[in-house]
Number of protein chains: 2
Amino acid sequence: MMGTRDRLLTATNELFRRHGYNGTSLKQVTAAAAAPTGSLYHFFPGGKDELTLAVITTSGETYRQLFELIADAAADPANAVTDFFEAAATVLEETDYIDPCPIGTIAREVASTNESLRQGTDRVFTSWIDAATSRFEGQGIPRDTAQQLATTLVAALEGGFVLARAKRDAEPLRTVGRSMRDLVDQAMETVTAK
Amino acid sequence: MMGTRDRLLTATNELFRRHGYNGTSLKQVTAAAAAPTGSLYHFFPGGKDELTLAVITTSGETYRQLFELIADAAADPANAVTDFFEAAATVLEETDYIDPCPIGTIAREVASTNESLRQGTDRVFTSWIDAATSRFEGQGIPRDTAQQLATTLVAALEGGFVLARAKRDAEPLRTVGRSMRDLVDQAMETVTAK
């Protein structure tokens, strides 16, 4: 059975995916986690900020691992990108379009108002961009191009979530995935041509 | 002097850019607009939802016009894209990284919880994608490619805002802009080659 700390993290993550950071109260969290209010401050003495930072960090790490898994399984970088956007589109469809990435929503909600959470979201995005950059570099793509590609992939994924959720249709995410594949193909052609 | 209705819209837009939808209260709006609470319900009988929908619609239209202006002034579609992302990056830097596009944040906050606002954000994104699609088609890019490009541009812009605000650095937005230019160049090469 899941411990109280994990139940609190999971419940917060789920609430963020539907209501965002400002739309989620600690009362909702403890109710959803079936945990007494005291336990929240026991595990997260800093209250909502500390809990949110933990959710950002743990789910950011989970997504990075998911990306690595998909990249490991794919035949080449272009297929990895297609598979990743397809997986994201399927998750959206199967979860009634709740946010697959609460981090992107929180990032925009807190960027101007909460410095420690802003930095937390930046660390996660940077870890994703670094992971994708390494992958592309490993395929022989020069560092600058690899970094540009990786940054664009993360931005396109986050923006794809915005469009797909607004439309309640995963198609924009697949469309964006096709453009990202085009970019990777373009970069790989330069490598192969060498 | 700005009328009360316009003052309410402007104040709400400014508050959304810093605090998002859930982080903004009507009390803050009337205080920032120097308007009595009664005036808010006079102009927006539906309260926060009606006011938010008006902000989404009016600022969505302003951004569409801005895009058209930049596109009109540019020598070609690739330069238009570069100019647009450069303009967005400059706005971010000059406004202390508050959200240039409250619509993207609201879209993610309300997608699972407020059907009429979700549809409002979808209409705005669709109007942007349609405007960019027409531009690209006007340059001889086939409709399917034009639509894919336009969708990717809007997603990349929204995702670029996420990364740049999280980092308090406009560089990710410029990086994404370079990738978008590569995509437009790629599409235009096919046109020129015909």
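Conventions and cut-offs
Numbers given to residues run from 1 along each chain, matching the order in which its sequence is written. Whichever chain is written first becomes A and whichever ligand is written first becomes 1, with later ones labelled in order. Per-residue local features of the predicted model are confined to residues with pLDDT of at least 70, and side-chain atom pairs are confined, for both listing and counting, to 80 or more; whole-chain, interface and lining totals are unaffected and use all residues. Each helix is a run of DSSP H or I of at least 4 residues and each strand a run of E of at least 2, with the numbering of both proceeding from the N terminus. For the radius of gyration, the atom set is restricted to C-alpha positions; the globular benchmark scales as 2.2 Å times the number of residues to the power 0.38. With C-beta atoms placed from the backbone, a residue is buried if 20 or more other C-beta atoms are within 10 Å of its own, exposed if 12 or fewer are, and partly exposed between those counts. Here the contact rule is simple: place C-beta atoms from the backbone, and any two residues whose C-beta atoms are within 7 Å are in contact. We call Asp, Glu, Lys and Arg charged. Ala, Val, Leu, Ile, Met, Phe, Trp, Tyr, Cys and Pro are nonpolar, and the rest, Gly among them, are polar. Defined on buried residues, the nonpolar core groups Ala, Val, Leu, Ile, Met, Phe, Trp, Tyr and Cys residues joined through C-beta atoms within 7 Å. Copy-to-copy alignment: least squares on C-alpha atoms, limited to residues at pLDDT 70 or above in both. In this analysis, axes come from line fits to C-alpha atoms, helices being fitted only over the stretch in contact, and the angle between any two N-to-C directions falls in the range 0 to 180 degrees. Roughly parallel refers to an angle under 35 degrees, roughly antiparallel to one over 145, roughly perpendicular to one between 65 and 115, and oblique to any angle outside these ranges. Each helix should span, by expectation, one fewer than its residue count multiplied by 1.5 Å. One number per residue, pLDDT, summarises how confident the predictor is, and it ranges from 0 to 100.

Caption draft 1: How the structure looks around the overall build of chain A. Helix and strand counts for chain A stand at 9 helices and 0 strands. Counted from the first residue to the last, chain A has its helices and strands arranged as α-α-α-α-α-α-α-α-α. Since a compact globule built from 194 residues should have a radius of gyration of about 16 Å, the 18 Å found for chain A is in line with a globular shape. Along the three orthogonal principal directions, the C-alpha set of chain A runs to about 60 × 35 × 30 Å. Looking at chain A as a whole, 49% of its 194 residues qualify as buried. A fraction of 65% describes how many contacts in chain A between residues 6 or more apart in sequence connect residues 24 or more apart.

Caption draft 2: Representation of the interface of chain B and chain A within the structure. Taken together, the contact between chain B and chain A spans 43 residues of the former and 43 residues of the latter. Looking at the side of chain B that touches chain A, the elements with two or more residues in it are α1 (4–19), α6 (102–110), α7 (115–138), α8 (143–167) and α9 (171–193) of chain B. Among the elements that take part in the side of chain B that touches chain A, α8 of chain B stands out by supplying 15 residues, more than any other. Of the residues assigned to the side of chain B that touches chain A, the class counts are 15 nonpolar, 17 polar and 11 charged.

Caption draft 3: Focus on the nonpolar core. Ranked by internal contacts, the top residues of the largest apolar core, which has 116 residues, are L149, L153 and V154 of chain A together with L149, L153 and V154 of chain B. Setting aside residues no more than four positions away along its own chain, V154 of chain B makes contact with G159 and L163 of chain A together with F125, W128 and I129 of chain B.

Caption draft 4: Focus on the relation of the copies chain B and chain A. Expressed as a screw transformation, the operator carrying chain B onto chain A has a rotation angle of 180 degrees and an axial translation of 0.0 Å, and the superposed copies differ by an RMSD of 0.0 Å. Here the symmetry operator amounts to a two-fold rotation axis. Of all interface residues in chain B, 100% are interface residues in chain A too; the two copies therefore contact each other through one and the same surface.

Caption draft 5: Spatial organisation of the packing of helix α1 (residues 4–19) of chain A against helix α4 (residues 48–73) of chain A. Residue and element names in this part refer to chain A. Packing of α1 against α4 leaves a shortest axis separation of 10 Å and a crossing angle of 85 degrees. As judged from the angle between their axes, α1 and α4 are roughly perpendicular. Contacts from L8, L9, T12, N13 and F16 of α1 reach α4 at L51, A54, V55, T58 and S59. Grouping the constituent residues of the contact of α1 with α4 by class yields 6 nonpolar, 4 polar and no charged.

Caption draft 6: Representation of α1 of chain B. All names here are of chain B. Here α1 is 16 residues long and its end C-alpha atoms lie 22 Å apart, about the 22 Å a rise of 1.5 Å per residue gives. Considered for burial, the residues of α1 that qualify are L8, L9, A11, T12, N13, L15, F16 and H19. The inward-facing, buried residues of α1 abut α2 (26–33), α3 (37–43), α4 (48–73) and α6. After α1 finishes, the residue G20 shows a positive phi value of roughly 75 degrees.

Caption draft 7: Representation of the packing of helix α5 (residues 77–94) of chain A against helix α9 (residues 171–193) of chain A in the model. All names here are of chain A. Contact pair α5 / α9: the axes reach a minimum separation of 8 Å and the direction vectors enclose 170 degrees. Relative to α9, α5 is oriented roughly antiparallel. Contact with α5, carried on its side by P77, A78, V81, T82, F85, E86, A88, A89 and L92, involves L173, R174, V176, G177, M180, R181, V184, D185 and M188 of α9 and no other residues of that element. Across the contact of α5 with α9, the residue classes break down as 12 nonpolar, 2 polar and 4 charged.

Caption draft 8: How the structure looks around the environment of R165 of chain B. As for its position among the elements, R165 of chain B is in helix α8. Note on R165 of chain B: 26 C-beta atoms within 10 Å, which makes it buried. Considering only alpha carbons, one finds R165 of chain B and E93 of chain B, 72 residues apart in sequence, at a separation of 9.7 Å. Ignoring sequence-local partners within four residues, the contact set of R165 of chain B consists of A107, R108 and A111 of chain A together with Y97 and D99 of chain B.

Caption draft 9: Summary view of α6 of chain B. With 9 of 9 residues buried, α6 of chain B lies mostly within the body of the structure. The set of residues buried in α6 of chain B consists of P102, I103, G104, T105, I106, A107, R108, E109 and V110 of chain B.

Caption draft 10: The arrangement of the confidence of the model for chain A in detail. With 99% of its residues at a pLDDT of 70 or more, chain A has an overall mean of 95. Confidence metrics for the complex model read pTM 0.96 and ipTM 0.95.

Caption draft 11: Examining the environment of A146 of chain B more closely. Residue and element names in this part refer to chain B. Inspection of the secondary structure puts A146 in helix α8. Residue classification places A146 among the buried residues on the basis of 22 C-beta atoms within 10 Å. For the pair A146 and F125, spaced 21 residues apart in the sequence, the C-alpha separation amounts to 15 Å.

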